[in-house]
Structure formats: structure tokens, C-alpha cells
Amino acid sequence: MNQVADLTEYRRKRDPGRTPEPVPSGDTLPRGDDDVFVIQEHHATRLHWDLRLERDGVLVSWAVPLGLPMEPDRPRLAVHTEDHPLEYASFHGEIPAGEYGAGRMTIWDHGRYETLHFNDHKVEVLLHGERVRGRYALVNQHSPAEPRAWRIRRVDPPPCGWEELPSFVSPMRPVQGKMPSVDEDVEWAYEFRWEGLRTLARVQGGRISLRDGAGGDITADYPELRALGARLGSTEALLDGQLVVFDHGVPSLSALRQRESPGSTAKAKRLAARFPVLYLPFDLLHLDGRSCLDLGYLERRALLDGLGLDGPSWRVPDFYVGDGGAVLRAGREHGLPGMLAKRTSSRYRPDRRSADWISITGVQVCEVVIGGWREGGGKRAGSFGSLLLGLPDGDRLRYVGNVGTGFSDRDLETLSGRLHRLSRKTSPFHTVPPATADGTHWVRAELVGEVVFRDWTKSRCLRTPSWRGLLPGRAPADLPVRA
């Protein structure tokens, strides 16, 4: 640039006794090779990135609010600021509150650059950094209203494989269905089901935008989530999740409705104080120029967990591979309406309901002891028609019903052999099951399985149970004592 390099403005804005920033006192500027650049991530009043290019003994500087663009057709604002000393190229740290530029500053990238054009109207350089490589042009807007306004754009094509961050992806949705069997558990991941608002969060340049499941912009309604953008910084991401409001530790739809359509920024802030939301991102659709839609569920969750999103208004919820019964029980104990089963290998399928995601609500699970069986007919001739189930009652076994559905062919074959080997002449139950006529066989109470059922009857028996499978390694003594 044609202007004379000068640190007067830089020194005027800083007190060397109050800030850790370098404030050289001499008037003689060092001379380098005019080829060093640094990009610093600056968490000041508003997050931005400072691009600094060594020139004539100083660092010519621009503040770029959204960071350097990766696509050539996406120019961004760059605000020309005062020259900085060369020592600033290695500066990182916390600028104290009350000082100019207060906030945390880190070195986001650094390296060498080649000059292609450099004057007061246009600066064009070729950056050779660790994170940014390519040709960039800064163009002075010569705006009387904004005399420091420039525009920065990438001249080269985007990096190989880079995909633009989408503004919205219509979310994938589950089907209502039954729990996978115990034998299938290892193929499924289980998440708690939250009573909330399906919300996609798009983060770019440290700014966040929120859209509901239909694509409506709800960013202004939830001001407490703006800090999530700053938390991710330069990371570009599209998250899928739920917005939840808790009431006495339980998600509350009625409390969440209080946050809808506040109508003004002031009212949105008041409601945020009274009914704070928690954003629970459970999936990752795009990350730093790469679509994640074709990755498997476990791969996407690993990338999501790697973002370290644990803040005052957001948290990545846990998921559990296998042991769906334990997850469903834990959810019910905490007042949640159910859970989601997601196939561990499943891709993310936008705008589709898929059997790879199963919503499981309105049911319970129970670990039970097999105490007998009744003979089957028709296709089950030679096997069993139903199992007689019990629960520990002190040192005895209380009858809680029978189950005749949910068995696979493998279950029928495997269980039939084991039941015959456990045969006994008398009932293991201290309460007598109904209709114990011919065709009922008793077994030693050694096998533990799991059933899904709707509810308990008045006589404390299982209502409409369905078999999930045997629980290897579980013994009757391991079950909690139940009255």
C-alpha cells in the first residue's frame, strides 16, 4: 500500500502497563522480507478474525467478521484497521477487560505469502498457511459512509473436496415401531427421546442461525444460543437436535411454548431468563466443507462429540450402543416419554422417515424369570406356545403373566431345548398361574429374559407383553426384589 507505515494509532489505543500486547517504543521499524502473514481469532465484543500481512516493517491489518471465505463467489466484509507491530505476529493471550480489543486472541493460522498486487485500492496475495492456502484479493470499497470497508474474496477454486455449508437440510425422521430384540441390540444405538422442538443449527464464521424442522428461521427467538456460534469459532457446521425447556428437571412442552414467537428482541431476552432453553444436538450433517450425510451414525456421532459442545445452553446428549432395555428404563425413571433406536450403520436421509430410526414410546421393559411353558399348536407344534413369567418376591417367585409373541424362529429352537433340560415336576411360583391344565410344563427358575409391555394390570400382571430375548449372564438373584 502507498501509505507510510506508522504505529502512532496503534500506540494511542494501548497502554503497555495494562495489556500484554507488544507495544514497541522505538520509532525505527524493523525490516523483513514482506512475506509473513498471521490470522488471529479474536473473541472481542464480536468474534472476528484479524488478517495481518507484513509490509514495510509493520503488519497491515484487516478485521474479517466471518473469517476468510473458502468459496470464490462468497466475498466477505474486511475492515481495515491500524497497522500492528511485527511482534504481533506471534501474540496470543487475553486482552484485559476495559482495554481496546478486550478478549481472548489465539493464532488461527500463520505462514508465508506472495505479493501479487499491493496498493491502496487492491491487495492480492497468495497465502501459504497451515490451514489456508490459496489466492485472495482484498478490494477497497472507497465508501464515504464506511471509509475502512474492504471486501475479501477467494480467487482460486475452493480446496479440493470442499462443499458449501447448506443453509438448511430437511431433517430425517423416525418411524414408530417396536424395540429391536436383545440379539439385535449390538446393531443399534439408543438415545433418550426429549419433549422439545426439532431444530437445526447452522454455524459459520462464529455466527449461528436456527431453523425449525420445517425450515422457519427462529434465530431471534433464542438469544441465549448465540454464544454457541462463538464457541465453535471458525468451525463450519450444521447440527441437528432438539430445543428443550426443563421444568423441575423434566422436559416441558408447555414451558417451551412460552418461548415461541416473542415478537421483539427485548421480550425474547426476558423469556430466555424465565424459561431458558437447552439445545441438545444429536447429529452432525456438515462439518468444515464436508457433508456428513453419507457417514454412518457412529461416525457422525464421533465427529459431533469431537466438537466439545458442553456449554451453559447446549450439550451433546449421550447415546448407548446396545442394552436398549436399560436405556428405556432410565428414561422412564427421569420422566422422559421414550427413546429412539438408531441403526449404528445408518446414513442420514434428509426429508425421509426411515426404519433405520425407530421411535419407541408408550411401552415399558421388564426383566423376568421363566418358570414354565405351555405347549404350542399349529406352526409351533413341538415347541412352546407361551412362556410363564415371574418376578422375585423375597425368596419366592411371583407369577406375572405369560408371553406368546415376539419370538424369532431361532428363539423357539434355542429356548425349547433349554426348557426341556430345566424341567421340574412342581411349579416354581408361590402364586398359582391361571389355567394350569394339561399342556403346562414347569422349569427350574434359572433363565432370565426381557419383555416389552404396555402396563400393569390390577392384579400386577404384565399387560400385552412381547418377548425381547434372553439376557446372557443374568440370574434371578440379580433382579431387584419386587413385592
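This text gives an overview of the structure that appears in the document. The structure presented is a predicted model; accordingly, all values stated were derived computationally and were not measured.

Reading the values: rules and limits
Residues numbered from 1 in each chain as written. Predicted model: local features only at pLDDT ≥ 70, side-chain atom pairs only at ≥ 80, totals over all residues. Heavy atoms only, no water. Helix = DSSP H or I, 4+ residues; strand = E, 2+ residues; numbered from the N terminus. Rg over C-alpha atoms; globule rule 2.2 N^0.38 Å. Buried < 20%, exposed > 50% of the residue type's maximum accessible area, 1.4 Å probe, protein only. Contact = heavy atoms within 4.5 Å. Areas by Shrake-Rupley, 256 points an atom, 1.4 Å probe, with all protein chains shown as cover. Lys, Arg positive; Asp, Glu negative; His and termini not counted. Charge placed at Lys NZ, Arg CZ, Asp CG, Glu CD. Pairing = 2+ DSSP bridges. Salt bridge = Lys/Arg side-chain N within 4 Å of Asp/Glu carboxyl O. Arc of directions from axis to C-beta. Polar contact = N/O pair within 3.5 Å; in protein donor to acceptor, adjacent residues only side chain to side chain.

## Some remarks on the overall build of the protein chain
- Helix and strand content of the protein chain: seven helices and 30 strands.
- The C-alpha radius of gyration of the protein chain comes to 32 Å, more than 25% above the 23 Å expected for a compact globule of 483 residues.
- Seen along its three principal axes, the alpha-carbon backbone of the protein chain occupies a region of about 105 × 45 × 40 Å.
- Across the 483 residues of the protein chain, 50% fall into the buried class.
- Contacts in the protein chain between residues at least 24 apart in sequence constitute 64% of all its contacts with a sequence separation of at least 6.
- For the protein chain, the computed accessible surface area is about 22900 Å², with 49% contributed by carbon and sulfur atoms.
- Taking the average place of the 66 positive charges on the side chains of the protein chain and the average place of its 65 negative ones, the gap between the two points comes to 8 Å.

## What about the environment of proline 350?
- Along the chain, proline 350 falls in the loop between β20 (338–343) and β21 (353–361).
- Residue class for proline 350 comes out partly exposed when judged on its relative accessible area of 33%.
- Taking C-alpha positions, proline 350 is 4.7 Å from methionine 172, a pair spaced 178 residues apart along the chain.
- If we ignore the near neighbours within four places in the chain, the residues touching proline 350 are Val169, Ser170, Pro171, Met172 and Leu293.

## Some remarks on the sheet that holds strand β11 (residues 188–192)
- Taken in spatial order, the five strands make up an open sheet running β10-β21-β20-β11-β19, and their pairing is mixed. This sheet does not close on itself; its edge strands, each paired only once, are β10 (173–176) and β19 (320–321).
- Both β20 and β21 contribute to a ladder of five bridges, which runs antiparallel. Each residue of the ladder has a partner; that of leucine 340, found in β21, is serine 359.

## Concerning unusual backbone geometry
- Of note in this structure, aspartate 34 is not a glycine but carries a positive phi near 50 degrees.
- Turning to its location among the elements, aspartate 34 is positioned in the loop between α1 (8–12) and β1 (36–43).
- At aspartate 323, a residue that is not glycine, the phi angle is positive and equals roughly 55 degrees.
- If you trace the backbone, aspartate 323 turns up in the loop between β19 and α6 (324–333).
- Assessed through its relative accessible area of 48%, aspartate 323 is described here as partly exposed.

## Focus: the pattern of salt bridges
- Across all of its chains, the model carries 27 salt bridges by this definition.
- One salt bridge in this structure joins arginine 52 and aspartate 50, with 3.2 Å as the shortest N-O distance.
- Put simply, aspartate 356 and arginine 343 hold a salt bridge, and the shortest N to O gap is 3.1 Å. You can see aspartate 356 sitting in strand β21 and its partner arginine 343 sitting in strand β20, a full 13 residues away along the chain.
- Exposure remark for aspartate 356: the relative accessible area of 17% places this residue in the buried category.
- Salt bridges linked by common partners bring Glu9, Arg12, Lys13, Arg14, Glu21 and Glu82 together as one network.

## A word on the pairing of β11
- Counted residue by residue, β11 has five buried out of five residues, so it is predominantly covered.
- Side chains Trp188, Tyr190 and Phe192 of β11 all project onto a buried face; the interleaved residues Ala189 and Glu191 project onto the opposite face, where all are buried too.
- Where β11 lies against β20, five bridges are found, and the strand directions are antiparallel. Paired with tyrosine 190 across the two strands is alanine 341, which belongs to β20.
- Relative to β19, β11 runs antiparallel, the two being bridged by two bridges. Following the sheet pairing, tyrosine 190 is matched in β19 by tyrosine 320.

## Notes on helix α4 (residues 265–274)
- Along α4, the residues that are buried comprise Ala268, Leu271 and Ala272. The arc that holds every buried residue of α4, seen down its axis, measures 105 degrees, which confines them to one face. Set apart from the buried face of α4 by more than 90 degrees, the exposed residues are Arg270, Ala273 and Arg274.

## Quick word on the environment of tyrosine 190
- Its place among the elements puts tyrosine 190 in strand β11.
- When its relative accessible area of 0% is taken as the criterion, tyrosine 190 is described as buried.
- The spacing of tyrosine 190 and alanine 326 is 136 residues in sequence and 9.8 Å in space, taken between C-alpha atoms.
- Each residue touching tyrosine 190, except ones within four places of it in the same chain, is listed here: Pro180, Asp185, Phe319, Tyr320, Gly322, Asp323, Gly324, Val327, Met339, Leu340, Ala341 and Arg468.

## Overview of the side chain of glutamate 21
- Topologically, glutamate 21 is positioned in the loop between α1 and β1.
- Among the polar contacts listed, one links the side chain of glutamate 21 to the side chain of threonine 19, at a separation of 2.7 Å.
- Those residues in contact with glutamate 21 that sit more than four places away from it in its chain are Tyr10, Arg14, Tyr88, Phe91, Ile95 and Tyr100.

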